[in-house]
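Breakdown of the fold
Each chain is listed here by its residues.
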Amino acid sequence: MQQEERLNIWIEQGNVSISQLFFQQYKQLLISDTDAMLILHIIAFQGQGNYFPTPTEIASRMQQPEKHVTDSLQRLMRKGLFTIEQSTDEHKVLHEKFSLLPLWNRLLDVLDKQKRQSAEQQTKLAEGEVYSLFEQEFGRFLSPMECETIGMWIDKDGHSPEIIRAALKEAVLAQKMSLRYIDRILFEWKKKNVKTMRDVDQQTRAFRPIVAATAEQPQQTIKQVPFYNWLGATRWTTSA
């Protein structure tokens, strides 16, 4: 048989497209390799127009006896991974087919759960870094009460670790290293619905304009940075 003829036969048989999600996640649904192969054969049959292959037809393509194929089908159905749908055509003839829609929905649920778990882990990691950053800036370990205060900012007040770090930065720049000062910053930001770093930039830009040095003395450039007194609602100026 010529190479071109072989290639034409290959193309005419058609291709079976399987989502990578199935191969990556079927183990999470406790689907055995044998049952996974059976599912692939069902998909292949449906790709050829046979939407309800019999156990005999499936077994003819597998190294499994017909009884094992039947057991696999029943097992997958009990797990709710596929259903048998019935419909009638224009001639009132009853047709049945395997529907794998429940399987695809379960796979998407697994993927969503993994994404949520990953996001939760990243959030917890970011929260842990907040405590470490405070200890680094304070130059000491935090007291239990201080840890509780930071925890309340996260859990009760709903501030993200990113926003809390920004408030800490404001306190460092203002040389006001106290949780009371930072708490006031967060309180003011919450009143003004500050939730993103863009919101923070808008707030700090309003209270901390930078005055450029004169062009006549470029070697002695001194920037006056007015800071906002979050506690007393007044300003003071320090050199930067």
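Residues numbered from 1 in each chain as written. Predicted model: local features only at pLDDT ≥ 70, side-chain atom pairs only at ≥ 80, totals over all residues. Heavy atoms only, no water.

1. Digging into the packing of helix α6 (residues 101-138) against helix α7 (residues 144-155)
The N-to-C vectors of α6 and α7 enclose an angle of 135 degrees; their axes lie 11 Å apart at closest approach. Classified by the angle between their axes, α6 and α7 sit oblique to one another. In the packing of α6 onto α7, the handedness of the crossing is right-handed. Residues Glu127, Val130, Tyr131, Phe134 and Phe138 of α6 form the contact with α7, whose participating residues are Glu146, Cys147, Ile150, Gly151, Trp153 and Ile154. Each residue belonging to the contact of α6 with α7 can be placed in one class, and the counts come to eight nonpolar, one polar and two charged. (Axes fitted to C-alpha atoms, helices over the stretch in contact; angles between N-to-C directions. Helix = DSSP H or I, 4+ residues; strand = E, 2+ residues; numbered from the N terminus. Parallel < 35°, antiparallel > 145°, perpendicular 65-115°, else oblique. Left-handed = near helix turned anticlockwise from the far one by under 90°. Contact = heavy atoms within 4.5 Å. Nonpolar A, V, L, I, M, F, W, Y, C, P; charged D, E, K, R; others polar.)

2. Side note on the nonpolar core
Across soluble globular proteins, nonpolar side chains have a tendency to be buried as a group. Judged by nonpolar contacts, the single largest core of 25 residues is most densely connected at Phe22, Ile31, Leu38, Ile39, Ile58, Leu73 and Leu103. Among the elements that line this core, the one with the most residues is helix α3 (residues 33-47), at seven residues. Leave out the neighbours within four places in its chain, and Phe22 touches Ala36, Ile39, Leu40, Leu103, Trp104 and Leu107. Phe138, Ile150, Trp153 and Leu186 belong to the second largest nonpolar core, which has 22 residues in total. (Core = buried A, V, L, I, M, F, W, Y, C linked by side-chain atoms within 4.5 Å. Buried < 20%, exposed > 50% of the residue type's maximum accessible area, 1.4 Å probe, protein only.)

3. Examining the pairing of strand β1 (residues 83-88)
As paired strands, β1 and strand β2 (residues 94-99) are joined by six bridges and run antiparallel to one another. Across the sheet, Thr88 pairs through a bridge with Leu94, a residue of β2. Adjacent in sequence and paired antiparallel, β1 and β2 are bridged by five residues, among which Lys92 carries a positive phi angle near 65 degrees. (Pairing = 2+ DSSP bridges.)

4. Some words on the pattern of salt bridges
On inspection of all chains with the given rule, the structure shows five salt bridges. In this structure, the salt-bridge partner of Arg75 is Asp35, at a minimum N-O distance of 2.9 Å. You can see Arg75 sitting in helix α5 (residues 66-78) and its partner Asp35 sitting in helix α3, a full 40 residues away along the chain. Residue Lys191 is joined to Glu188 by a salt bridge in which the shortest nitrogen-to-oxygen separation is 3.8 Å. Of this pair, Lys191 and Glu188 both sit in helix α9 (residues 179-191), separated by three residues, roughly a single helical turn. What makes Glu188 buried here is its relative accessible area of 12%. Several salt bridges share partner residues, and in doing so they unite Arg184, Glu188 and Lys191 into one network. (Salt bridge = Lys/Arg side-chain N within 4 Å of Asp/Glu carboxyl O.)

5. Some points on α9
With 13 residues, α9 extends 18 Å between its outermost C-alpha atoms, agreeing within 8% with the 18 Å of an ideal straight helix rising 1.5 Å per residue. Looking only at α9, the buried set comprises Leu179, Tyr181, Ile182, Ile185, Leu186, Glu188 and Trp189. (Expected span 1.5 Å × (residues − 1).)

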